[in-house]
Amino acid sequence: MRAVRYIGEARPQVMDVPTPAPGPGQVLVRIGGAGVCGSDLHVLDHSIGIKGPFTLGHENAGWIAAVGQGVSGWKEADPVAVYGPWGCGICHSCQTSAENYCEHHASLPSYGGGLGSDGGMAEYMIVPSPRLLIPLGKLEPVQAAPLSDAALTPYHAIKAALPLLTPDASVVVVGVGGLGHMAVQILRALTSARLIAADVEQAKLDHARDLWAVHTVNTSDGDRAIEEIRSLVGERGVTVALDFVGVQPTVDLCSRIVGRASRITIVGLGGGVLHYSGNQPPYGCEVSVPYWGSRVELMEVIALAQAGYIKADVETFPLEQAVEVYERLRQGRIRGRAVLLP
């Protein structure tokens, strides 16, 4: 079968690999779609401690092709999403379905499929345990694949901030890309707080308005953007700032727009540093650095999509174009989420 392989270089390779067969306790999934995520670029460009070779792709959905000995409750052709962060399965966090915060993560050989183990940018993928599968119902796998990260990650961040997102509060989404465009929809579904979408690209702000963001702010000029946001929210300041970029200018922007008793959530991996001095960020401000989401939360995300509240803006490409798609992602030329089709 064809697969997109990370072999320890910045440029992945599309090559032939053997089709896997499930062992005891494992499930073989025929891939219907694999999302192309910015996190892949950190693997390709910076390694981040993950050794190759392995097949890329950590946003995956498809149909069960075969089950290994001892697997019950699933049958061939069942449509499923694959939960991405694979923990040990036995620690306290994993037992509560929060494998994204596995207590033994430092000693595990892999972070998950596409992140150390073979992922879904291939015709088939081995999932090590049926606990990592979420039923899709009538959702199409190509549409559902990005939900396992591009929607799950912002959902996890937003759910933690819900107590602050009262009807009189304000929330800013910084970066309306793969995760940000899902965050806008999730916020519209879960809260009635004043929603402001911010980005440096007008096309992405237009996209946010298409998704019913009432206010959009261009952040190309940081000082002007801060003034514009402050004029929208008043002296109270922004209650929750969600940074899906994480570069220094966006981190600084968030620290300057939030008010007291607020929350800054830094999701993006852009390398920015949040600096603290007295009352900057303001007193009472919480800072959160979330990672992915739990298995139960992925079930909730799938339910939101099944009910029609959220939908990933998907641009599909054949698997053979993976190298080109990664270059487009580096250049910011992907709207919503790119999905590779085997």
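Computed from a predicted model, the values in this text were never measured in an experiment.

Rules and cut-offs
Residues numbered from 1 in each chain as written. Predicted model: local features only at pLDDT ≥ 70, side-chain atom pairs only at ≥ 80, totals over all residues. Heavy atoms only, no water. Axes fitted to C-alpha atoms, helices over the stretch in contact; angles between N-to-C directions. Helix = DSSP H or I, 4+ residues; strand = E, 2+ residues; numbered from the N terminus. Parallel < 35°, antiparallel > 145°, perpendicular 65-115°, else oblique. Contact = heavy atoms within 4.5 Å. Nonpolar A, V, L, I, M, F, W, Y, C, P; charged D, E, K, R; others polar. Buried < 20%, exposed > 50% of the residue type's maximum accessible area, 1.4 Å probe, protein only. Polar contact = N/O pair within 3.5 Å; in protein donor to acceptor, adjacent residues only side chain to side chain. Salt bridge = Lys/Arg side-chain N within 4 Å of Asp/Glu carboxyl O.

Asks: Explanation requested: the packing of helix α1 (residues 38-46) against helix α10 (residues 322-330) in the structure shown.
Replies: Packed helix pairs are characterised by how far apart their axes lie and by the angle those axes make with each other. Across the interface, α1 lies against α10 with an axial gap of 10 Å and an inter-helix angle of 105 degrees. One way to sum up the angle between α1 and α10 is to call them roughly perpendicular. Here Gly 38, Asp 40, Leu 41, Leu 44 and Asp 45 of α1 lie close against α10, whose contacting residues are Tyr 326, Leu 329 and Arg 330. Class assignment for the residues of the contact of α1 with α10 results in 4 nonpolar, 1 polar and 3 charged.

Asks: What is the right way to read the side chain of Ser 97 from this model?
Replies: Tracing the backbone through its elements, the reader meets Ser 97 in the loop between α2 (92-95) and β7 (112-113). You can call Ser 97 buried: its relative accessible area is 4%. For Ser 97, the side chain forms a polar contact with the main-chain nitrogen of Val 296, separated by 3.3 Å. With residues up to four places along the chain from it excluded, the contact list for Ser 97 reads Tyr 83, Ser 294, Arg 295 and Val 296.

Asks: Before we go on, may I ask you to explain the pattern of salt bridges in this structure?
Replies: A pair can form between side chains of opposite charge whenever their charged atoms are brought close. Enumeration according to the criterion identifies 16 salt bridges in this entry. Put simply, Asp 16 and Arg 2 hold a salt bridge, and the shortest N to O gap is 3.4 Å. Of this pair, Asp 16 sits in strand β2 (residues 13-16) while Arg 2 sits in strand β1 (residues 2-6), and the two are 14 residues apart along the sequence. A relative accessible area of 58% means that Asp 16 is categorised as exposed. Residue class for Arg 2 comes out partly exposed when judged on its relative accessible area of 26%. Residue Arg 5 is joined to Asp 118 by a salt bridge in which the shortest nitrogen-to-oxygen separation is 2.9 Å. A residue pair is termed long-range when its members are at least 10 positions apart, and Arg 5 in strand β1 and Asp 118 in the loop between β8 (116-117) and β9 (124-127) qualify at 113 residues. Looking at Arg 5, the relative accessible area reads 13%, which means it is buried.

That's the geometry; what it means functionally is another story.
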